[in-house]
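Structural overview for review
Listed here are the chains, written in short residue letters.
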Amino acid sequence: MTTLVQNSLIGLMLAGTTALPAMAQDISWIYCGDAIDPVHEQYIAEWEAANDGWTVTPEVVGWAQCQDKATTLAVAGSPVAMAYVGSRTLKEFALNELIVPVPMTDEEKAGYYPNIVGTVTIEDQQWGVPIAFSTKAFYWNKDIFEAAGLDPETPPTTWAETIDFARQITENTDAAGYGLPAKTFDNTMHQFLHWVYTNNGQIIDGEGNITMDSPEVLAALQAYKDITPYSVEGATAYEQNEIRAIFLDESVGMIQTSVGAAFMLQDTDINWGVADLPVGPSSKGPGTLLITDSLAIFEGSGVEDKAIEFAKFITSPVVQEAYEGGGAASLTPLRPGPAVDAMVEAGPYWKPFVDGIEFGGPEPLFTDYKGFQNVMIEMVQSVVTGDAEPADALTEAAADLEDYK
């Protein structure tokens, strides 16, 4: 198995990357994106003013390169103090001793929505500070529903209804019933996990045991098989954003996607609705995959303790509220509060994105996340294409995941 360290060393040798360690009084921060958010600029200045002699130096790196750059520098022995990373990678970083723990108090944990802290927790220890969060909800085209003979104001609430509605749309209109992404792309795995978590399923438990080969997950995979005939043709050619584009073109009746689609739809003439994700037979309530990005504190910068202090400050409730309500307005809030209540009241489409959190689940943490992701994608594709039956595909995938936990 190729490890994070091996991958990074290869990249380092190819790129010839070199860097100097962070200065003793400076917190270097690999900041993903095209520019620093004005909210973060404001609060960096505020923190520096309150911490005499300390500076924070963000380095803006594009989304496609930022995590790889942080990894490469850490493996080379010249780590930045802090970097924006997908929480899915924290276990791999931790086991390679590239990052340090970021302990949270009970009070800090209690401030977040349920299950958020679980996205950065390995064996009861936190390894990052959540900074960005996304959930998904269910969208439907009301005009397509009406053309199919369905009540345009009543979306499906269960998987069985979703499959039946998709069948009626496919049979009675020119649109596809459902948008099922199954391309070789990370969000194919993400989309399947929404079905897992809306049926009280689990992939791996807190002790690192693979628990995927279960009735709850099998039901999700069977539902994928059942809805495929009424989904977009050739689902393995599409990823989530491409499915969203088909919905915006009014060529598919139902999809699952982020709140960003609601912002796009408001500027169109499409007659649409958004609701909680439909649930499976074992569900305890509305669910969703909880995807977080985090600030990871790297070992060896010499300023680890101060970097932890700053990371908690820059993600504190006041700062985070301003960040989520500004340029990062498409992010689901990490914490409940009056600002969230006001946001939902002003934009009711937000409600299902918050509703699913209580029974949602995290991106499973594996030591080789890409290996895990590939196994999940191959499993989904084998069922969607008809190359494997759900039970056989699930059992094989669960066994394969043992190599990556």
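Shown above is the structure to which this text applies.
From a predicted model like this one, the values you see are computed outputs, not experimental measurements. Residues take numbers from 1 onward in each chain, read along the sequence in its written order. In keeping with the model being predicted, local features are shown solely for residues with a pLDDT of at least 70 and side-chain atom pairs are shown and tallied solely at 80 or more, while totals for entire chains, interfaces and linings include all residues. Derived side-chain values reflect all non-hydrogen atoms in the structure, with water molecules and hydrogen atoms excluded from consideration.

The buried fraction of strand 11 (residues 289–297) is high, at nine of nine residues. For two strands to be treated as a pair, DSSP must find no fewer than two bridges joining them. The way it works is that DSSP assigns letters per residue, a run of H or I at least four long becomes a helix, a run of E at least two long becomes a strand, and they are numbered from the N terminus. Where strand 3 (residues 82–86) meets strand 11, five bridges bridge the pair, whose relative direction is antiparallel. Its bridge partner being in strand 11, Ala83 is matched across the sheet by Ala296. The sheet contact formed by strand 6 (residues 129–134) and strand 11 spans five bridges and is antiparallel. Exposure is judged per residue with a 1.4 Å probe applied to protein chains only, and the accessible area is read against the type maximum: over 50% gives exposed, under 20% gives buried, and values in between give partly exposed.

What follows deals with the pattern of salt bridges. Two side chains bearing opposite charge may form a pair once their charged atoms approach each other closely. Here, a salt bridge means any Lys or Arg side-chain nitrogen found within 4 Å of an Asp or Glu carboxyl oxygen. Scanning the model with the defined rule gives 11 salt bridges in all. A salt bridge links Glu363 to Arg88; the shortest N-O distance between them is 2.8 Å. On the criterion of sequence distance, the pair formed by Glu363 in the loop between strand 12 (361–362) and helix 16 (369–384) and Arg88 in the loop between strand 3 and helix 4 (90–95) is long-range, its members being 275 residues apart. Assessed through its relative accessible area of 18%, Arg88 is described here as buried. Between Glu389 and Lys225 there is a salt bridge; the shortest N-O distance is 2.7 Å. Within this pair, whereas Glu389 is found in the loop between helix 16 and helix 17 (390–401), its partner Lys225 is found in helix 9 (residues 215–227), the two being separated by 164 residues in sequence. Look at Lys225 and you get partly exposed, because its relative accessible area is 31%. Taken together, the shared-partner salt bridges connect Asp164, Arg167 and Glu171 into one network.

For the rest of this paragraph, the subject is helix 7 (residues 159–172). For a helix, the expected span equals 1.5 Å multiplied by the number of residues minus one. Taking 1.5 Å of rise per residue, the 14 residues of helix 7 would be expected to cover 20 Å, and the 20 Å separating its terminal C-alpha atoms lies within 8% of that figure. Those residues of helix 7 that sit buried are Trp159, Thr162, Ile163, Phe165, Ala166, Gln168 and Ile169. In what follows, a contact means two residues having at least one pair of non-hydrogen atoms within 4.5 Å. On its buried face, helix 7 sits against strand 7 (137–141), helix 6 (142–147), strand 8 (176–178), helix 8 (186–197), helix 9 and strand 9 (252–257).

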